[in-house]
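The primary structure of each chain is shown beneath.
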Amino acid sequence: MKMKPMGDHLLLKRKLDETKTKSGIIISASESEYGYAEVIGVGPGIFTQTGDRISMTCKIGDTVLVPSRLISGKNGNEVTFEDERYTLVRESEIVMVSTK
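Residues numbered from 1 in each chain as written. Predicted model: local features only at pLDDT ≥ 70, side-chain atom pairs only at ≥ 80, totals over all residues. Heavy atoms only, no water.

Engineer: Explain the overall build of the chain here, please?
Structural biologist: Each helix and strand counted, the chain has 1 helix and 10 strands in total. Of the regular secondary structure in the chain, the N- to C-terminal order runs β-β-β-β-β-β-β-α-β-β-β. Looking at the chain as a whole, 31% of its 100 residues qualify as buried. Restricting the contact set of the chain to residue pairs at least 6 apart, pairs at least 24 apart contribute 65%. For the chain, the exposed area adds up to about 7,200 Å²; of that, 52% sits on carbon and sulfur atoms. (Helix = DSSP H or I, 4+ residues; strand = E, 2+ residues; numbered from the N terminus. Buried < 20%, exposed > 50% of the residue type's maximum accessible area, 1.4 Å probe, protein only. Contact = heavy atoms within 4.5 Å. Areas by Shrake-Rupley, 256 points an atom, 1.4 Å probe, with all protein chains shown as cover.)

As structure tokens, this is what we get:
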């Protein structure tokens, strides 16, 4: 099934934040205020009242920094396609985009 977000929505796949200590112990960063996600789908943008389109800044494949409360799956913005969990957020909720 192919799905495309509408308006200024982004479809994100959360990247698990794990850090490893020098001794090899994995520490989960789930208490962090922000989390990383990969952009899987991008809407076409929104229209102004005069009919001009405001295009999206993010593109598919970008890594973005998002408040953890939005990608936690507890806000009702989590969707499941083909047994994979994704999160829908508005582009204005993105804090930073990786410049690679």
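Engineer: Quick question: what am I supposed to make of a nonpolar patch on the surface here?
Structural biologist: Together, Y34, V95 and M96 make up a nonpolar patch on the protein surface, roughly 270 Å² of accessible area in all. With respect to the helices and strands, the residue M96 is situated in strand 10 (residues 96-97). (Patch = residues over 30% accessible without salt bridge, like charges linked within 9 Å, V, L, I, M, F, W, Y side chains within 5 Å. Salt bridge = Lys/Arg side-chain N within 4 Å of Asp/Glu carboxyl O.)

Engineer: I'm lost on the packing of aromatic side chains in this one. Help?
Structural biologist: Within a pair of aromatic rings, the relevant descriptors are the distance that separates the centres and the angle that separates the planes. By the definition in use, this model includes 1 aromatic pair. Taking 6.2 Å as the distance between ring centres and 40° as the angle between the ring planes, the aromatic pair formed by F81 and Y86 counts as tilted. Both residues of the pair, F81 and Y86, belong to the buried class. Directly above the ring of Y86 sits K13, whose terminal nitrogen or CZ lies 5.7 Å from the centroid. (Phe/Tyr/Trp six-rings, centres within 6.5 Å; stacked < 30°, edge-to-face > 60°. Lys NZ or Arg CZ within 6 Å of the ring centre and 35° of its normal.)

Engineer: Even after reading the chapter, I still don't get the side chain of T87, so can you show me in this structure?
Structural biologist: Mapped onto the elements of the fold, T87 is located in strand 9 (residues 84-90). With near-sequence residues (within four places) excluded, T87 lies in contact with L10, L11, L12, L70, I71, N77 and E78.

Engineer: Can you walk me through the pattern of salt bridges in this structure?
Structural biologist: In a structure, side chains of opposite charge can pair up when their charged atoms sit close to one another. Counted by the stated rule, this structure contains 4 salt bridges. For the salt bridge of K59 with D62, the shortest nitrogen-to-oxygen distance reads 3.2 Å. Since its relative accessible area comes to 53%, K59 is described here as exposed.

Engineer: I tried to follow unusual backbone geometry on my own but got confused; where do I start?
Structural biologist: Of all residues except glycine, most have a negative phi; of all peptide bonds, most are trans. Even without a glycine there, the phi angle at E82 is positive, about 50°. Relative to the assigned elements, E82 resides in the loop between strand 8 (78-81) and strand 9. With a relative accessible area of 59%, E82 lands in the exposed category. Residue D83 is not a glycine yet carries a positive backbone phi of 65°.

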